[in-house]
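Spelled out, the chains give:
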Amino acid sequence: MTHDSRDFTPAASNWLVRAYYTPVSDALRGQLSARLDVRPEIAAAGLPAPLSGLIYTVVRRTRLWRSEKLDVARELIAHFSDGLSAGHSADELTQDFGSLQQAARLIRKAKLRNRSMWWQCLRIVTRLLLVVLTLSLVSYSILAARFYLGRPQLAHNYWHEINAARQVPEAQRAWPLYREAVIKLGQTGIEPDWLDGGPVGKNWNRAIATLEQQRESIELCRQAAKKPRLGYFWGDPADRAAAQAAQADWFINSTSASVADDNESLISALLFGTQAMRGLARLLLADARRAAIAGDGATVVADLDAMISMSQQIYEPKSSLVEQLVSFAIFGFTLETAGRILTDSPAVLTDEQLRELAHRIAAYHDGAVHVDFGAEQMTFDDLLQRAYTDDGQGNGRMTPAGLVDLAQYGADDMALFRAPKNNLAGTFAAHLFDPGLSALVGSRQENRELYQSLIDEGIRLHQGPPWLWDRQAIVAYLNRISTIAQHPTQRMRYMLVLLMSPAVDAVFNAAERTAQTRDAAEVAIALVLWHRRHGDWPTSLAQLTPDLLPTVPPDRVDGQPLRYVVRDGKPVVYSLGDDRFDDGGRPAERFDQSYPSYGRHDPQRDASADHYGDWILWPPLKEKEEADD
């Protein structure tokens, strides 16, 4: 039997008491310690040293409160004192006592059971908290290992896939000529409205000087417009090389540094070339307006024809939505300019030129304005392969690189947790959330399936003419997306989808508005030709068919024939607009409020009086008229 061999004889105990209390200067603390310390109590009992050492060892091992230890010591002293009085030796009593560890454990359990109910409850709560903390630490460790060991695998180069769809013989590529025109144009800009007011306008001389300076760029655009394809490649190193050769630093700085072979994130593609063509479009439109004022119909047709070709070329295979919307915008600029020329100086164009222009307008996208989400789906898949692991079955888990992408590309919830800190401790603390955040984000397959289902459903709901769209179903579809965005858990789980899903309804609305302005331009040309023949305007658009129009195009709001009225001797071609009510060709208080949203309709918005009004398609409203109406 082993126990504490400390000497507990009376003489030794007196020395021990003196040694223990002498250094203590605080009287109160000394008195408290004297009452609770078991060693003086054991020494004062006068038991043999083996029994005194045994008592002290057992009391110490109980790990009880000090007052409880004193009670245990007194109980053991009484027990062994009775044994000695009964004639048993110290060795016999020590041998009969048994295991000191087991005795201490049993004594501890008994004392703990006697403690108060509040302490018992606190003990249970503490143990539960320790269990929860332990499980949390274990779970976090597993999550952390799973998260930090995950690595994305770049299995596809989508830059190459997009560019492969655009391959065309070099002789048929228009982009090299456009690129040269952009570089020559430089940072010199021009706006078509500089020609408002004609030769007496305040910006006329400035516009004419710019157009004369940019004759070479205009001619390059006309040459490029004759090519069958644009041939603009994403991440083409030839763009940077051409800019460097021309010492066009501004072009180099604006051009994406990403090269297709580097296979960087597809979302980083700047598509500067496509955006730069808007500047070329404005140049051609300004030149067309100048030519119209000068009575040069051939140049007007050449510029407008080049513009239509440019808008057609931009819409290439695997076009991004940005490229498609730029195509719609340039085509819309062309139609607006043609409409202004038909209003202000229609005599500049011969009947034959008008018919040729009508045929070119009708041929835009083979007469069918459509939307393609292929490049957007590839961009989403590219982001998935950079953010998730790949298990080979189309699934995977979020990686550290994925969380960086989410914060970088605008996921507010993620940026909140991973906001950069000013010190090392703050940065470390911010990254402590990463494993937990990765568990909240949905898997690769979940995000891919939801994204695809939203795209597919959006496309399905917007098929056919817009007046046949199920507006209630479209509103339910938009509400579904809104519900995901507003729900904290769903928003975190599908933040990639919310971040990358295009506004399907808005894109289809843009396409339908483009189709409506195209139809209106056809009607405007037919009206001008009728007026030349009859010296007056027709009372109905039906009179234009079938000689000047194959049929009256529909108002894409309700499917009825496009609206038309003659007011004060002038024709007005219009659509019902967003309020879906015929106001007789009166424009809305604010011009932008008249643009129809074909897929959804908000009755509460219509309750505002300044919203009522029609979408005036021809003649186009001028800025002053828009402000005055």
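Reading the values: the criteria
- Residues numbered from 1 in each chain as written.
- Predicted model: local features only at pLDDT ≥ 70, side-chain atom pairs only at ≥ 80, totals over all residues.
- Heavy atoms only, no water.
- Helix = DSSP H or I, 4+ residues; strand = E, 2+ residues; numbered from the N terminus.
- Buried < 20%, exposed > 50% of the residue type's maximum accessible area, 1.4 Å probe, protein only.
- Contact = heavy atoms within 4.5 Å.
- Areas by Shrake-Rupley, 256 points an atom, 1.4 Å probe, with all protein chains shown as cover.
- Axes fitted to C-alpha atoms, helices over the stretch in contact; angles between N-to-C directions.
- Parallel < 35°, antiparallel > 145°, perpendicular 65-115°, else oblique.
- Left-handed = near helix turned anticlockwise from the far one by under 90°.
- Nonpolar A, V, L, I, M, F, W, Y, C, P; charged D, E, K, R; others polar.
- Patch = residues over 30% accessible without salt bridge, like charges linked within 9 Å, V, L, I, M, F, W, Y side chains within 5 Å.
- Salt bridge = Lys/Arg side-chain N within 4 Å of Asp/Glu carboxyl O.
- Core = buried A, V, L, I, M, F, W, Y, C linked by side-chain atoms within 4.5 Å.
- Pairing = 2+ DSSP bridges.
- pLDDT = per-residue confidence, 0-100.
- Arc of directions from axis to C-beta.

**Quick word on the overall build of the protein**
- Across its full length, the protein carries 30 helices and three strands.
- Among the 629 residues that make up the protein, the fraction classed as buried is 47%.
- Nonlocal contacts in the protein, meaning residues at least 24 apart in sequence, comprise 72% of its contacts between residues at least 6 apart.
- For the protein, the accessible area works out to roughly 30900 Å², and carbon and sulfur atoms hold 54% of it.

**What about the environment of Gly 458?**
- Along the chain, Gly 458 falls in helix H24 (residues 444-461).
- Classification of Gly 458 by relative accessible area gives buried; the value is 0%.
- Taking the C-alpha atoms as reference points, Gly 458 and Ala 473, separated by 15 residues in sequence, lie 9.9 Å from one another.
- For Gly 458, the contacting residues outside a window of four places in its chain are Tyr 477, Val 504 and Phe 508.

**A short note on the packing of helix H12 (residues 215-225) against helix H16 (residues 297-314)**
- Contact geometry of H12 with H16 gives a least axis separation of 9 Å together with a crossing angle of 60°. The angle between H12 and H16 falls in the class oblique. Note on packing geometry: the crossing formed by H12 with H16 is left-handed. Between H12 and H16, the contacting residues are Ile 218, Cys 221, Arg 222, Ala 224 and Ala 225 on the first element and Thr 299, Ala 302, Asp 303, Ala 306, Ser 309, Met 310 and Gln 313 on the second.
- Class assignment of the residues belonging to the contact of H12 with H16 gives a composition of seven nonpolar, three polar and two charged.

**A word on the environment of Phe 251**
- Here Phe 251 shows up in helix H14 (residues 249-254).
- Take Phe 251: its relative accessible area is 1%, and that puts it in the buried class.
- Along the primary structure Phe 251 and Phe 272 are separated by 21 residues, whereas in three dimensions their C-alpha atoms are 8.9 Å apart.

**Digging into a nonpolar patch on the surface**
- A surface patch of nonpolar side chains, amounting to about 300 Å² of accessible area, comprises Leu 130, Leu 133 and Leu 137.
- The topology assignment puts Leu 133 in helix H8 (residues 117-148).
- Leu 133 gets classed as partly exposed once you look at its relative accessible area, which sits at 47%.

**Topic: the nonpolar core**
- The biggest cluster of nonpolar side chains holds 82 residues, and the ones touching the most others in it are Leu 527 and Leu 544.
- Considering every element that reaches this core, the biggest residue donor is helix H28 (residues 504-534), with 16 residues.
- Once residues lying within four places of it in the same chain are set aside, the contact partners of Leu 527 are Trp 537, Pro 538, Leu 541, Leu 544, Tyr 564, Pro 571, Val 573 and Trp 618.
- Grouped together as the second largest cluster of nonpolar side chains are 48 residues, Trp 159, Leu 195, Leu 220 and Ala 269 included.

**Focus on the sheet that holds strand E2 (residues 570-575)**
- Ordered by their spatial adjacency, three strands build an open sheet running E1-E2-E3, and the pairing between neighbours is antiparallel. This sheet does not close on itself; its edge strands, each paired only once, are strand E1 (563-567) and strand E3 (615-618). Between one strand axis and the next, the sheet turns by 40° as a mean value, whatever way the strands run.
- Where E1 and E2 come together, five bridges link them in antiparallel fashion. Its bridge partner lying in E2, Arg 563 is registered against Tyr 574.
- This element, H28, spans E1, E2 and E3 of the sheet and lies at about 45° to E3.

**A closer look at the confidence of the model for the protein**
- Per-residue confidence for the protein averages 86 on the pLDDT scale, and 86% of its residues sit at or above 70.
- In this model residues 624-629 is a low-confidence stretch, pLDDT under 50, and it forms eight contacts with partners more than four residues away in sequence or in other chains.

**Some points on the pattern of salt bridges**
- Tallied over the full model, the rule gives 31 salt bridges.
- With its nearest N and O atoms 3.6 Å apart, the salt bridge here joins Arg 282 to Glu 191. One end of the pair, Arg 282, is in helix H15 (residues 272-294); the other, Glu 191, is in the loop between helix H10 (175-185) and helix H11 (204-213), with 91 residues separating them in the sequence.
- One salt bridge in this structure joins Asp 382 and Arg 386, with 2.9 Å as the shortest N-O distance. With Asp 382 and Arg 386 both in helix H19 (residues 374-387), this residue pair falls four residues apart, about one helical turn.
- Classification of Arg 386 as buried rests on a relative accessible area of 11%.
- If you follow the salt bridges from partner to partner, you end up with Arg 215, Glu 219, Arg 222, Asp 287, Arg 290 and Asp 303 in one network.

**Remarks on H11**
- Along H11, the positions that sit buried rather than exposed are Trp 204, Ala 207, Thr 210 and Leu 211. With its buried residues spanning 135° around the axis, H11 presents them on a single face. Exposed side of H11, more than 90 degrees from the buried face: Asn 205 and Gln 213 are the residues found there.
- Buried residues belonging to H11 abut H12 and H15.

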